[in-house]
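Each chain is listed here by its residues.
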Amino acid sequence: MSKNVSVWSSIPFWRRSAAWVTGFAVVLLIWLTFDTMGQINMGTDDDLKNGVTKRVPAPTVINYHITYEMSEKRGHEVPVIGDKEPFFGKEYSVEEAAAALHLGKLTSQAKNCMNCHTLLGNGAYYAPDLTKAWLDPAWSESGPMMAMTGKSTREEAIAEFLVNPSKYPTHARMMPNLGITPDEAIGLVAFLKHMSSIDTNGFPRNFGKEQGDTNAH
Ligand code: HEC
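On to the overall build of the protein. Across its full length, the protein holds six helices and four strands. Put simply, the protein runs from its N terminus to its C terminus through helices and strands in the order α-α-β-β-α-β-β-α-α-α. The globule rule puts the C-alpha radius of gyration for 217 residues at 17 Å, and the 23 Å found for the protein is more than 25% above it. Principal-axis analysis of the C-alpha atoms places the extent of the protein at approximately 90 × 40 × 35 Å. The buried share among the 217 residues of the protein stands at 25%. For the protein, long-range pairs separated by at least 24 residues make up 51% of all intrachain contacts whose partners lie at least 6 apart in sequence.

Here you go:
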């Protein structure tokens with residue numbers, strides 16, 4: 001064999017390279033898996049009480065005021081959990097909040113909201129993205145929906161809309177009545193409020209958001 005065969009045509013070289021690249025990728029993927037698990041684990045009620053920020057807060061986040069603020073450091077908006085506020089006129093216990101969220105999640109699956117809407121990046125784009133729908137200024141005191149539904153809080157206005165959507169057409173497209181009961185509507189609003197508190201790295205972008213008091217609009 002001639003001495004000046006290039007390394008690029010050496011089969012043992014490519015075998016060794018394949019083994020190293022595969023080994024490195026396996027280690028990297030295992031590390032990323034554990035890193036992601038830590039990031040997406042749901043926080044606890046104590047985290048909320050102690051002001052510990054979690055990407056996915058505990059269900060009792062429905063007892064807090066949530067706004068969406070620009071983070072200069074991260075270059076996009078992040079949900080900010082503020083002071084306590086009543087949800088349907090009361091403070092939910094850990095068990096009640098978990099039960100409401102569970103009912104809301106089951107109802108969103110049973111009624112297939114994703115068939116028209118998008119939740120956390122999954123679903124359709126026929127109707128508005130629901131990921132941050134709780135923060136939609138349309139439901140704030142200065143928006144039209146409280147007056148239209150005759151309700152004085154955001155949660156009651158959204159629940160009323162969900163029970164009777166075809167009574168309140170707000171866009172060119174109308175949401176049909178899906179036979180949602182008042183209890184299911186409370187669960188769905190808890191589900192929507194909790195989802196809006198999840199740190200989604202600023203997704204969806206350019207969302208017409210509800211900002212804190214320092215950024216009054
Ligand atoms: C058949 C399609 C369809 C299904 C299924 C559907 N929606 Fe809608 N939804 C719409 C349309 C269209 C609109 C916008 C029209 C409007 O606001 O009147 C809308 C609007 C909304 C809004 C107001 C959005 C905002 O940002 O203000 C909410 C909240 C909502 N839907 C929640 C739900 C939930 C929760 C479910 C599942 C239980 C659901 N929708 C199922 C079509 C649908």
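Back to the text.
As a further point, take the nonpolar core. One finds I158, V189, A190 and L192 to be the most contacted residues of the largest nonpolar core, which totals 31 residues. Secondary-structure elements contributing two or more residues to this core are β1 (64–71), α3 (94–110), α5 (154–163) and α6 (182–196). Per element, the largest residue contribution to this core is eight residues, and it comes from α6. Excluding residues that lie within four positions of it along the chain, V189 makes contacts with E155, I158 and A159.

Taken together, 25 residues form the shell around the ligand, and within it C113, C116, A127, R173 and M175 come nearest. Sorting the residues of the shell around the ligand by element identifies α3 and α5 as the ones contributing at least two each. Among the residues making up the shell around the ligand, the classes are represented as 15 nonpolar, seven polar and three charged.

What follows covers the environment of D35. Within the element layout of this structure, D35 appears in helix α1 (residues 11–40). The spacing of D35 and A124 is 89 residues in sequence and 29 Å in space, taken between C-alpha atoms.

When pLDDT is averaged across the protein, the result is 91; 94% of the residues are at 70 or more. Below a pLDDT of 50 lies the segment residues 213–217, which in the model reaches one contact outside its immediate sequence neighbourhood of four places, other chains included.

Put simply, F203 and P204 share a cis peptide bond, and its omega is -5°. With respect to the element layout, P204 can be found in the segment after α6. With a phi angle near 50°, N112 is a residue other than glycine that sits in the positive phi range. Note on placement: N112 falls in the loop between α3 and β3 (118–119).

Cut-offs and rules
Residues numbered from 1 in each chain as written. Predicted model: local features only at pLDDT ≥ 70, side-chain atom pairs only at ≥ 80, totals over all residues. Helix = DSSP H or I, 4+ residues; strand = E, 2+ residues; numbered from the N terminus. Rg over C-alpha atoms; globule rule 2.2 N^0.38 Å. Buried ≥ 20, exposed ≤ 12 C-beta atoms within 10 Å, placed from the backbone. Contact = placed C-beta atoms within 7 Å. Core = buried A, V, L, I, M, F, W, Y, C linked by C-beta atoms within 7 Å. Near = placed C-beta within 6 Å. Nonpolar A, V, L, I, M, F, W, Y, C, P; charged D, E, K, R; others polar. pLDDT = per-residue confidence, 0-100.

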